[in-house]
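Structural overview
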Amino acid sequence: MAIDRGQFSSRLGFILAAAGSAVGLGNLVAFPVMASKNGGAVFLLVYILFVAFICFPVMLSEIALGRHTQRSPVGAFSNLSAGHSGWRLAGKLAIVTPFMIAVFYTVVTVWIAIFLLRAVSGGLTELAEEASFSTMIGSPTVFIYFVVLQIMVFGILLGGVKGGIERLARVLMPSLMVMLLGLIAFVLTLDNASAGLRYYLIPDFSQLSGSVVNAALNQAFFSLSLGMGILITYGSYFGRKDRIVASTRMVAFADTSVAFLAGLMILPAIFSFNPATNPEDLSSSSIGLIFTYLPQIFLSMQTVVGYFGASVVATIFFALVFFAALTSLVSILEIPIAYMVDEWSFSRRKAVLIQAGLVSSFAVLAAMSFGMSGFLTEFITYGGGQKSFFDLLADTFSEVILPFVGFLVCIFCAYRWKNGGLSAELAVGDSGFIGSALDKYLNFALRTFIPVVLLFVFINSVSVKYFAFDLVGLF
Ligand code: PHE
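The structure reproduced in this document is the subject of the present report.

About the criteria used
For every chain, the first residue of the written sequence is number 1, and numbering continues from 1 along that sequence. At least 70 in pLDDT is required for a residue's local features to be given in this predicted model, at least 80 for side-chain atom pairs to be given and counted, and no such filter applies to totals for whole chains, interfaces and linings, which use all residues. With hydrogens and water stripped out, all remaining heavy atoms of the structure feed into the side-chain values. Each helix is a run of H or I in the DSSP string that is no shorter than four residues. Each strand is a run of E no shorter than two, and both are numbered from the N terminus. What the globule rule says is 2.2 Å times the number of residues to the power 0.38, and the radius of gyration is computed from C-alpha atoms. Buried, partly exposed and exposed residues are distinguished by accessible area as a fraction of the type maximum, computed with a 1.4 Å probe on protein chains only: under 20%, between the cut-offs, and over 50%, respectively. Only heavy atoms matter for contacts: two residues are in contact if any of them lie within 4.5 Å across the pair. Positive residues here are Lys and Arg, negative ones are Asp and Glu, while His and the chain termini are left out of the count. The atom standing in for a charge is NZ when the residue is Lys, CZ when it is Arg, CG when it is Asp and CD when it is Glu. Here an axis means a line fitted to C-alpha atoms, over the contact stretch when the element is a helix, while the angle between two N-to-C directions is reported on a 0 to 180 degree scale. The cut-offs work like this: below 35 degrees is roughly parallel, past 145 is roughly antiparallel, 65 to 115 is roughly perpendicular, and the gaps in between are oblique. Ten residue types, Ala, Val, Leu, Ile, Met, Phe, Trp, Tyr, Cys and Pro, are classed as nonpolar, four, Asp, Glu, Lys and Arg, as charged, and the remainder, Gly among them, as polar. Using a grid of 1 Å spacing that covers the protein atoms alone, one calls a set of points a cavity when a 1.4 Å probe fits there but cannot get out, and a pocket when the set is open and has protein on both sides within 12 Å along at least five of seven lines; lining residues are those with an atom within 4 Å of a point. Grid points are joined across faces, edges and corners, and a volume is the space filled by probe spheres set on the points. Being near a molecule or strand, for a residue, means having at least one of its heavy atoms within 4 Å of it. Here a polar contact is taken to be a pair of N or O atoms separated by no more than 3.5 Å, where protein atoms must pair a possible hydrogen donor with a possible acceptor and residues adjacent in sequence count only if both atoms sit in side chains. We get accessible surface area from the Shrake-Rupley algorithm with a probe of 1.4 Å; when it comes to residues, only the shown protein chains can shield them. To decide whether a molecule occupies a pocket or cavity, check its atoms: if more than half lie within 2 Å of the grid points, it is inside.

**Some words on the overall build of the protein chain**
Scanning the protein chain from N- to C-terminus turns up 22 helices and two strands. In summary, the protein chain has a C-alpha radius of gyration of 22 Å against a globular reference of 23 Å for 475 residues, a match within 12%. Principal-axis analysis of the C-alpha atoms places the extent of the protein chain at approximately 65 × 50 × 45 Å. Evaluated residue by residue, the protein chain yields a buried proportion of 59% over its 475 residues. A fraction of 82% describes how many contacts in the protein chain between residues 6 or more apart in sequence connect residues 24 or more apart. In the protein chain, 25 side chains carry a positive charge and 23 a negative one; their mean positions are 14 Å apart.

Rendered as structure tokens:
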């Protein structure tokens, strides 16, 4: 079947698009929150080890699968397993997951848009007040921003791979890095910032627990856009002359650097604005944490640059976060869309419009889980607490399921894709790959401990999240 799949215009195009997908709210919002609530430096260390030894091999596997089959996840799995129904199901899981992620991601992106507009209109003082975040997200005005966001997102998606995703990512990455470095330099001059720096950089191993390990692995998967078919889909747009390993390494490095820098900005700020912060108090932090501390950082700049200057800096920063979120959101939605185009032969336009309707409906429900609807706010009880519809989606699809999809990808590449299929695909455009240390490592690790770790973390995440019981305590 001749399908016009679109292809990235160059190797740089792939790197930018994949980094554009990877760098998003996961790095700038979720990572600092996770690091503060899970012991700071210990979390950072486990996170980096996971990225290097577990996630990077899974990233390579996903991209290789995509390039080899030229399909989105369902097609990729079923193609290489000769249509085996179990594997088709695995591919479907890799479609439902990004869809659900898109739902709660849309809601958080709307919050960022509101912050951006408030900062532009001089409302920084108000944003920095603790109560303003919960009032804001519980108000029906979010829907005005919601509609505008949906028009932007689905408009970009109609433009296709090259026109839409690549162009946006090109300017964003460098500006974001420069901005983060500037803000870190400022935050580190604040009083008591060094306490946060110590918490973030000097590990206290007594804080290590099963929950820290779960959180680090789930966060790494989420942040690298892994375990949800996105890299399979992007791999299918990857040219055969290009080297997968080198490009992937850059994406993983860029993503991890942005997360690290976001932590380096936020953690010292927390300790500086609240000198009495006790690491134990941080264990219950939620996403609201960052939405309170960010405006405070900007507000404290007024002593140096005045209120107007501080508002300008805040505006630029929120604009960058907003665009980072937008590129990620667009990339998540690319998966169910590519699926409809590949498997159901829908036109791209039709697939985009159907997804727009579906995602918007679910996202409206998720947005109403912050007080607007009692039913959705107190949707379900698990893990020892009342959870909203939004919590249920965010917990399940960002903190539990990804390592499981990663596990399936490993098992598939190691045991189903026979005759060294993965090595051979990674060697296309990269003749030195076969026999390299990385090749040997992948051959060994993907068959043995990587799937074991992924499966264990998945099971333990289910246990911790839904039943408040850490299996690590049993050992
Ligand atoms: N990786 C993105 C982030 O860190 C989120 C994302 C998830 C993007 C899933 C694509 C797919 O924000």
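Let us keep going from here.
**Comments concerning the packing of helix H2 (residues 25-37) against helix H14 (residues 288-300)**
When two helices pack together, you describe them by how their axes are tilted relative to each other and by the distance separating the axes. Between H2 and H14, the shortest axis-to-axis distance is 9 Å and the interhelical angle comes to 105 degrees. Relative to H14, the element H2 lies roughly perpendicular. Residues Leu28, Val29, Pro32, Val33 and Ser36 of H2 form the contact with H14, whose participating residues are Leu289, Ile290 and Phe291. Among the residues making up the contact of H2 with H14, the classes are represented as seven nonpolar, one polar and no charged.

**A few points about the side chain of Gln150**
With respect to the helices, strands and loops of the structure, Gln150 is situated in helix H8 (residues 142-158). Residue classification places Gln150 among the buried residues on the basis of a relative accessible area of 9%. Ignoring sequence-local partners within four residues, the contact set of Gln150 consists of Thr106, Val359 and Ser360.

**Examining the side chain of Asp430**
Among the structural elements, Asp430 can be located in the loop between helix H20 (421-427) and helix H21 (437-445). Every residue in contact with Asp430, bar those within four places of it in the chain, is listed here: Arg243 and Val245.

**Remarks on the layout of surface pockets**
Looking at the largest pocket, its volume works out to about 1,300 Å³. Along the walls of the largest pocket sit 46 residues, with Lys37, Ser285, Ser286, Ile287 and Glu399 positioned nearest its centre. Elements with a contribution of two residues or more to the lining of the largest pocket: H2, helix H5 (85-120), helix H7 (132-137), helix H11 (210-223), H14, helix H18 (389-399) and helix H22 (449-467). Of the residues contributing to the lining of the largest pocket, the split by class is 21 nonpolar, 18 polar and seven charged.

**Focus: the site of the ligand**
Near the ligand there are 14 residues, and of these Ala22, Gly26, Tyr105, Phe222 and Met228 occur at the shortest range. Ala22 is positioned with one of its backbone polar atoms (N or O) 2.9 Å from an oxygen atom of the ligand. Contact between the ligand and Asn27: an oxygen atom at 3.1 Å from a side-chain N or O atom of the residue. Protein chains shield 100% of the accessible area of the ligand, which is 320 Å² for the free molecule. Its atoms largely coinciding with the cavity grid, the ligand occupies the largest cavity. Of all elements in the fold, only helix H1 (11-22), H2, H11 and helix H15 (302-344) reach the threshold of two or more residues within the shell around the ligand. Considered class by class, the residues forming the shell around the ligand number six nonpolar, eight polar and no charged.

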